[in-house]
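Residue-level structure breakdown
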Amino acid sequence: MKLYYFSEMPHHEYPDAEGDKYPSLRLAFPNRFFDRATAATNYTRYLDEYEFADQAGYHGLMINEHHSTPSCVNVGVNMTAAVLARTTRRAKLLLLGNILPIEDNPVRMAEQIAMADLISGGRVLSGFVRGVGVEQWWANANPVHNRERFEECHDLILKCWTEPGPFRWEGRHYHFRHVNPWCLPLQQPHPPIWIPGTASPETAIWAGRRGYTYVPFLVPFDVARELFEFYRRGAAEAGRPVTPDNLGFLICAVTADTKPKALEAGRHFVWRMGPTLRGPVDWFQPVGMRSRAGTEFALRARPRSLAAMSYDELLAEHFIIAGTPDEVADRFAHVQRELGIGHLLLEAQESRMDHLTTMRSIELMGAKVIPALATL
Amino acid sequence: MQATELTIRIAGIDVHTWVGGRGDPLLVLHGAGGNRGFTRWTHQVAERFTVWAPTHPGFGTSGDADWMEGIDDLARFYLWFIDAAKLGQPHVLGQSIGGWTAAEMATMSPGSIDRLVLVDPVGLKPEMGEILDVFYHSPAELRDLMVCDPKTVPDWDELFGQAPSPAEAQIATRNREMAARLTWKPYMHNPRLTQFLPRVANPTLIVWGREDRIVPVECGAQYRRLLPNATLTVLDRCGHVPPLEQPDTFARLVLDFLGDARG
């Protein structure tokens, strides 16, 4: 099983009492609490940690993107990918991912991903996401078009990468009279495509039909298995085999020299489960973004919100894994046995977890955990 | 005056329609909250006019219209509706997004319409203030925001006293989705409508609640300035939905205005 390092690049250097005054940390928390000097220092720190994860032996570095929130100030996956393409050597660059429905120019996006793939020597894994509802507000993109735009944007990017230009694109949401990108990915026919999932059966089926790598984020095991069944249904329709390489899973994880130290560090993940997801339901799920089937599945999949769970419960349910290297290796193997996955994505830094703790965790993962799981 | 229900098929869409009353036809276009059918004011107006109250495509039990992109599509649709239902040259009354639709219809084909009644319509970018982002607020919040004071709404308990049934909740979600489809961006207005409104010489009554918290009352004056033959009536202690908040006053205003039309 392959391990991936992921940091949301949080900007949690403000008094929590200030954040509590607003309906949500997303969209509403004023950016006067954004500290420019701190952010500049943080970017250096977070990029250093990514680079160390590359050196430590992680198979991949996962990068994501959000907007208008202190929970994630990585505001451009392709920009970060371009930096890491130059400063790292071995690890895959997992962009998970570009938010397709809010993108107005898929051709530019195809070019940027291709450029990152070229600079990195063909290390890009190109994840495409539908985004959190908050991103629809940020971009003022109509949520009722979310899935249609996701699919059409995907189709146009794939065509940019796989069919000779120039050609014309007259779709429903995208219109380009002259498509002929002079920047194509190094990997042929194109970088592998990854798709995350939290609750939409349609997305799992869609990804299965295309053989893309499918990764549920922070869901209970039984929900992940159910989503994988939808994925297999889609794959079977297309006559595609499903191997562990098609399936991944994302959790939060940290290791340290002692169990008490690891458990103390793991507490920082509770912030991303609760405060950063707090807010009116219409901000996170604007009208029309989810199909009725998706909404019904989400209600079943999350009878309790992550925010309602205690740290101990989050540990018991494997949303967070924190322990000595031997202990986390054992828990990761358990996740692998439960789900049959080939990729485990570790959200490995959060909130106010400090640099030294983060670096030690990366070092121990590289020295002891990654080798132990290599044969799984 | 009892209403009957019809289904009229236009552009491949089955349109659920309430019809009732006697006299010249009056086409009533509902707001984003959906079609409430015949309520207290409608019954009064239906004594003198034949009220046609269709449910917009994508709303209520009317058919889907996922292909529609904006209120201009809905306006073209209702011009077709007028022909298909053989309404001749009806009066058109629209509330909120229904008012915006009526205004767009009049700019496209003023001769298809007799008199126009616009009730707290969206459609124009406010010169002062902003149109409340209704999609940012939960349905429960909106229920309170849309009126000046629930205690003064005569049929409040009848309309909102009970929690919606699962079927009603599903329709409410569908209504909200279709409203988002039609009005998301530019939010609740057409920047070009100002250029076309001067074409509309139809006698027009604009009605607004002074305490409208959804659409600033100043938009009423903007509509009046742009429409060559319009009067504006602002109701005190009234919010975004005069037909529900002050049904008797509202019905009187409509009857007085339309009653002048053909003697």
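Placed above this text is the structure.
Given the structure is predicted, the values throughout are model-derived calculations rather than measurements.

**Quick look at the sheet that holds strand E8 (residues 230–235) of chain B**
Residues and elements named next belong to chain B. Pairing within the open sheet is mixed, and its eight strands lie in the order E1-E2-E4-E3-E5-E6-E7-E8. Bordering the open sheet on either side are strand E1 (4–10) and E8, each of which pairs with just one other strand. Pairs of neighbouring strands in the sheet enclose a mean axial angle of 20 degrees, with direction left out of account. Bridging between strand E6 (residues 116–119) and strand E7 (residues 204–209) involves four bridges; their strand directions are parallel. Within E7, the position partnered with valine 119 by the bridge is valine 207. In this fold helix H2 (residues 71–84) packs onto E1, strand E2 (13–21), strand E3 (25–29) and strand E4 (50–54), with an angle of close to 115 degrees to the strand it touches most, E1. Here helix H3 (residues 97–108) sits on the sheet and contacts E3, strand E5 (91–95) and E6; the angle it forms with E5, its principal contact strand, is near 140 degrees.

**Quick notes on the pattern of salt bridges**
Applying the stated criterion across every chain yields a total of 29 salt bridges over all chains. Linking A:Glu49 and A:Arg45 is a salt bridge whose minimum nitrogen-to-oxygen distance equals 2.5 Å. Here A:Glu49 and its partner A:Arg45 are both found in helix H2 (residues 36–56), four residues apart, which amounts to about one turn of the helix. By the burial criterion, A:Glu49 is buried, and A:Arg45 matches it. B:Arg22 is paired through a salt bridge with B:Glu47; the nearest N and O atoms lie 3.1 Å apart. Placement of the pair is B:Arg22 in the loop between E2 and E3 and B:Glu47 in the loop between helix H1 (40–45) and E4, with a sequence separation of 25 residues. Looking at B:Arg22, the relative accessible area reads 48%, which means it is partly exposed. Exposure remark for B:Glu47: the relative accessible area of 37% places this residue in the partly exposed category. The structure contains a network of salt bridges with shared partners spanning A:Glu148, A:Arg172 and B:Glu69.

**Here we look at the sheet that holds strand E1 (residues 2–7) of chain A**
To summarise the sheet geometry, strands pair through backbone hydrogen bonds and adopt either a parallel or an antiparallel arrangement. Residue and element names in this part refer to chain A. In spatial order, the strands read E8-E7-E4-E3-E2-E1-E11-E9-E10; together these nine strands make up an open sheet with parallel pairing. A single partner strand is all that each edge strand has here, and the edge strands are strand E8 (213–216) and strand E10 (320–323). The average angle at which neighbouring strand axes cross in this sheet is 30 degrees, direction not considered. As paired elements, strand E9 (residues 248–255) and E10 share four bridges and run parallel to each other. By the bridge assignment for E10, cysteine 252 is matched with isoleucine 320. Taken strand by strand, helix H3 (residues 77–87) contacts strand E2 (60–63) and strand E3 (92–99), and its axis lies near 165 degrees from that of E3. Lying on the sheet, helix H14 (residues 325–339) is in contact with E1, E9, E10 and strand E11 (343–349); it crosses E10 at an angle near 150 degrees.

**Considerations on H2(A)**
All names here are of chain A. With 21 residues, H2 extends 30 Å between its outermost C-alpha atoms, agreeing within 8% with the 30 Å of an ideal straight helix rising 1.5 Å per residue. Within H2, burial applies to Ala39, Asn42, Arg45, Tyr46, Leu47, Glu49, Tyr50, Glu51, Ala53, Asp54 and Ala56. Packing partners of the buried residues in H2 comprise E1, E2, H3, E11 and helix H15 (355–373). Of the residues flanking the start of H2, the one acting as N-cap is aspartate 35, its side-chain oxygen 3.3 Å from the backbone nitrogen of alanine 37.

**Considering the side chain of B:His240**
All names here are of chain B. Examined against the element boundaries, histidine 240 turns out to sit in the loop between E8 and helix H9 (242–245). A polar contact of 2.9 Å, which involves the side chain of histidine 240, links it to the side chain of serine 96. In this structure, histidine 240 is in contact with Gln95, Ser96, Asp120, Met146, Asp212, Ile214, Val215 and Glu245, ignoring residues within four places of it in sequence.

**Some words on the packing of helix H7 (residues 201–210) of chain A against helix H8 (residues 221–237) of chain A**
What describes two packed helices is the angle between their axes and the distance between those same axes. All names here are of chain A. Taken N-terminus to C-terminus, the directions of H7 and H8 make an angle of 40 degrees; their axes are 6 Å apart at the nearest point. Our classification of the angle between H7 and H8 gives oblique. In terms of crossing hand, the pair formed by H7 and H8 is right-handed. Along the contact surface, H7 presents Pro201, Ala204, Ile205, Ala207, Gly208 and Arg209, while H8 presents Leu227, Phe230, Tyr231, Arg233, Gly234, Ala235 and Glu237.

**Considerations on the side chain of A:His343**
Residues and elements named next belong to chain A. One can find histidine 343 in strand E11. Of the polar contacts made by the side chain of histidine 343, one reaches the side chain of tyrosine 4; its length is 2.8 Å. A polar side-chain atom of histidine 343 sits 2.9 Å from a polar atom in the side chain of aspartate 245. Sequence-distant contacts of histidine 343, that is, excluding residues within four places in its chain, are made with Met1, Lys2, Tyr4, Trp194, Thr213, Pro244, Asp245, Leu247, Gly248 and Phe249.

**Here we look at the interface of chain A and chain B**
With 15 residues of chain A at the interface, the matching set in chain B holds 18 residues. Where chain A abuts chain B, roughly 1,600 Å² becomes buried across the two surfaces, and 50% of that area is made up of carbon and sulfur atoms. Our count for the contact surface shared by chain A and chain B stands at two salt bridges. For B:Arg176, the salt bridge is made with A:Asp282, and the minimal N-O distance between the two is 3.0 Å. At the junction of chain A and chain B, the tally comes to eight residue pairs in polar contact (both at pLDDT 80 or more). When its residues are assigned to classes, the side of chain A that touches chain B shows eight nonpolar, four polar and three charged.

Analysis parameters
Residues numbered from 1 in each chain as written. Chains lettered and ligands numbered in written order. Predicted model: local features only at pLDDT ≥ 70, side-chain atom pairs only at ≥ 80, totals over all residues. Heavy atoms only, no water. Pairing = 2+ DSSP bridges. Helix = DSSP H or I, 4+ residues; strand = E, 2+ residues; numbered from the N terminus. Axes fitted to C-alpha atoms, helices over the stretch in contact; angles between N-to-C directions. Contact = heavy atoms within 4.5 Å. Salt bridge = Lys/Arg side-chain N within 4 Å of Asp/Glu carboxyl O. Buried < 20%, exposed > 50% of the residue type's maximum accessible area, 1.4 Å probe, protein only. Expected span 1.5 Å × (residues − 1). Polar contact = N/O pair within 3.5 Å; in protein donor to acceptor, adjacent residues only side chain to side chain. Parallel < 35°, antiparallel > 145°, perpendicular 65-115°, else oblique. Left-handed = near helix turned anticlockwise from the far one by under 90°. Buried area = accessible area lost by both parts, 1.4 Å probe. Nonpolar A, V, L, I, M, F, W, Y, C, P; charged D, E, K, R; others polar.

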